[in-house]
Amino acid sequence: MSATSEQDARYAEAAALYGAMLQRLARANEADPDRRRDLLQEMHLALWRSLAAFDGRCALSTWVYRVAHNTAATHVGRHIRINRGLVPIEAIEALADHDFSAAFESNDEIERLNALIRTLRLEDRQLLTLYLEGLDAAETGDVMGLSANAIATRLSRLKTHLARLFRETAHA
Amino acid sequence: MSLAEIHTRASRFRTQIARRNLIEYAAAALVIVVFAYIAFIVPAPFVKAGAIVLILGMLYVVSQLHQLARAAAQDEINAAADLMGFHRQELVRQRDALRGVWSWYLGPLIPGAVLFLFGAVLSAPGPLGAQLSVGFAGLGLLGAMFAAIGWLNQRAAAKLDADIAAIDRARGG
């Protein structure tokens, strides 16, 4: 099999397995429909290009998540300079728990949750979207380059802070 | 996206990058042509020398921009790096470009700009004292402008340094 056809085969496999995830990630990162479509295409293109260098140093899933999130970060950074106008989680008032996974499954709450996610700083946005995709702390740590403990601690704080904001906007 | 579409887009992407680079170089080429024309038609030796030194400075700046663009392209190749590593790499690249603004952008343009300025005022009619007054006033303005650009870049670099340190702390580095 030639290098290009191997790359094509890997891309076809990755797109079939993670295509829906890429769509959700584009939606969580970009509110504007035209730019969202551009971002989705950028992610697919970056994924295909990156797979020429796929060497099995990590699982295909980890590879796909990394490329997709890095592409999204670069895309968003072009429109909003990183972290400018975005809020740190400390700026969000803390209160009670909220079942984010259930919110992510519910169509009428998805866009509201995505709107909140888009206000977060880059690292927090990445962490939360990986959590919503169902990755555990160890997998998220692999993708992000942090320890599982650091992921668990950050996620706990992030969920608590975001739950408050999510409920407040629901009542507003 | 189908594979055929991916291949088409990859090809279009390369064309877009090449076109974008061409536009940047064309802008620099335009400035170079204008100063080359000035060097050719103006007889005053300092103006001529200033224009030539400015052209050399501009060529150096363009070569450095080219290096920075190559570094950015390298970051795209590293798209499968872990997220914190990728983000850190991007911040370091931006910080180094901002911090080194005197050596790769402002500095190389200073000798030509000063020579050109004094060449222009000294070749204008009037007593030497008045010419020098205008020259030093212009030099002050030029210095203030360059200092402001340098200061803003250093401030932005310091902010990125803080962001990089935060990532290192998070990674236990």
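Definitions and limits used
- Here the residue index of a chain counts from 1 through its sequence in written order.
- Here the convention is simple: chains get letters from A, ligands get numbers from 1, in the order in which they are written.
- Residue-level local features of this predicted model are given only where pLDDT is at least 70; pairs of side-chain atoms are given and counted only at 80 or more, and the full residue set underlies all totals for whole chains, interfaces and linings.
- Segments assigned H or I by DSSP are reported as helices when at least four residues long, segments assigned E as strands when at least two residues long, and all are numbered from the N terminus.
- Between the first and last residue of a helix there are one fewer steps than residues, each counted as 1.5 Å, and that sum is the expected span.
- How sure the predictor is of each residue is captured by pLDDT, a score from 0 to 100.
- Note on contacts: residues are paired as contacts if their backbone-placed C-beta atoms lie within 7 Å.
- Inter-axis angles, ranging from 0 to 180 degrees, are taken between N-to-C directions of lines fitted to C-alpha atoms, where helices are fitted over the stretch in contact.
- To sort the angles, those under 35 degrees are grouped as roughly parallel, those over 145 as roughly antiparallel, those from 65 to 115 as roughly perpendicular, and the leftovers as oblique.
- Handedness of each helix crossing follows the sense of rotation of the near helix against the far helix: counterclockwise by less than a right angle gives left-handed, clockwise gives right-handed.
- The classification used treats Ala, Val, Leu, Ile, Met, Phe, Trp, Tyr, Cys and Pro as nonpolar, Asp, Glu, Lys and Arg as charged, and all other residues, Gly among them, as polar.
- Exposed residues have 12 or fewer other C-beta atoms within 10 Å of their own C-beta, buried residues have 20 or more, and residues in between are partly exposed; the C-beta atoms are placed from the backbone.
- Starting at the helix axis, one direction is taken to each C-beta atom, and the arc is that of these directions.

Draft legend 1. View of helix H5 (residues 128-170) of chain B. The end-to-end C-alpha separation of H5(B) is 62 Å, in line with the 63 Å expected for 43 residues at 1.5 Å each. Directly after H5(B), the chain includes Gly172(B), whose backbone phi takes a positive value near 75°.

Draft legend 2. Here's a closer look at the confidence of the model for chain A. Overall, the predicted model of chain A reaches an average pLDDT of 80, with 77% of residues at or above 70. For the stretch residues 81-98 of chain A, pLDDT sits under 50, and the model shows 35 contacts to residues farther than four places along the chain or on other chains.

Draft legend 3. Examining the packing of helix H4 (residues 101-123) of chain B against H5(B) more closely. Residue and element names in this part refer to chain B. It is at 10 Å that the axes of H4 and H5 come closest, and there the two elements cross at 165°. With respect to each other, H4 and H5 are oriented roughly antiparallel. Both H4 and H5 take part in a crossing whose hand is right-handed. Facing H4, whose interface residues are Val 101, Trp 102, Leu 106, Ile 110, Ala 113, Val 114, Leu 117, Phe 118, Val 121 and Leu 122, H5 presents Gln 131, Val 134, Gly 135, Gly 138, Leu 139, Leu 142, Phe 146, Ile 149, Gly 150 and Asn 153. The class makeup of the residues in the contact of H4 with H5 is 15 nonpolar, 5 polar and no charged.

Draft legend 4. Spatial organisation of helix H7 (residues 137-144) of chain A. All names here are of chain A. For H7, the complete set of buried residues consists of Thr 140, Val 143 and Met 144. Down the axis of H7, the buried side of the element spans an arc of 90°, and every buried residue falls inside it. At the exit of H7 stands Gly 145, carrying a positive phi of roughly 85°.

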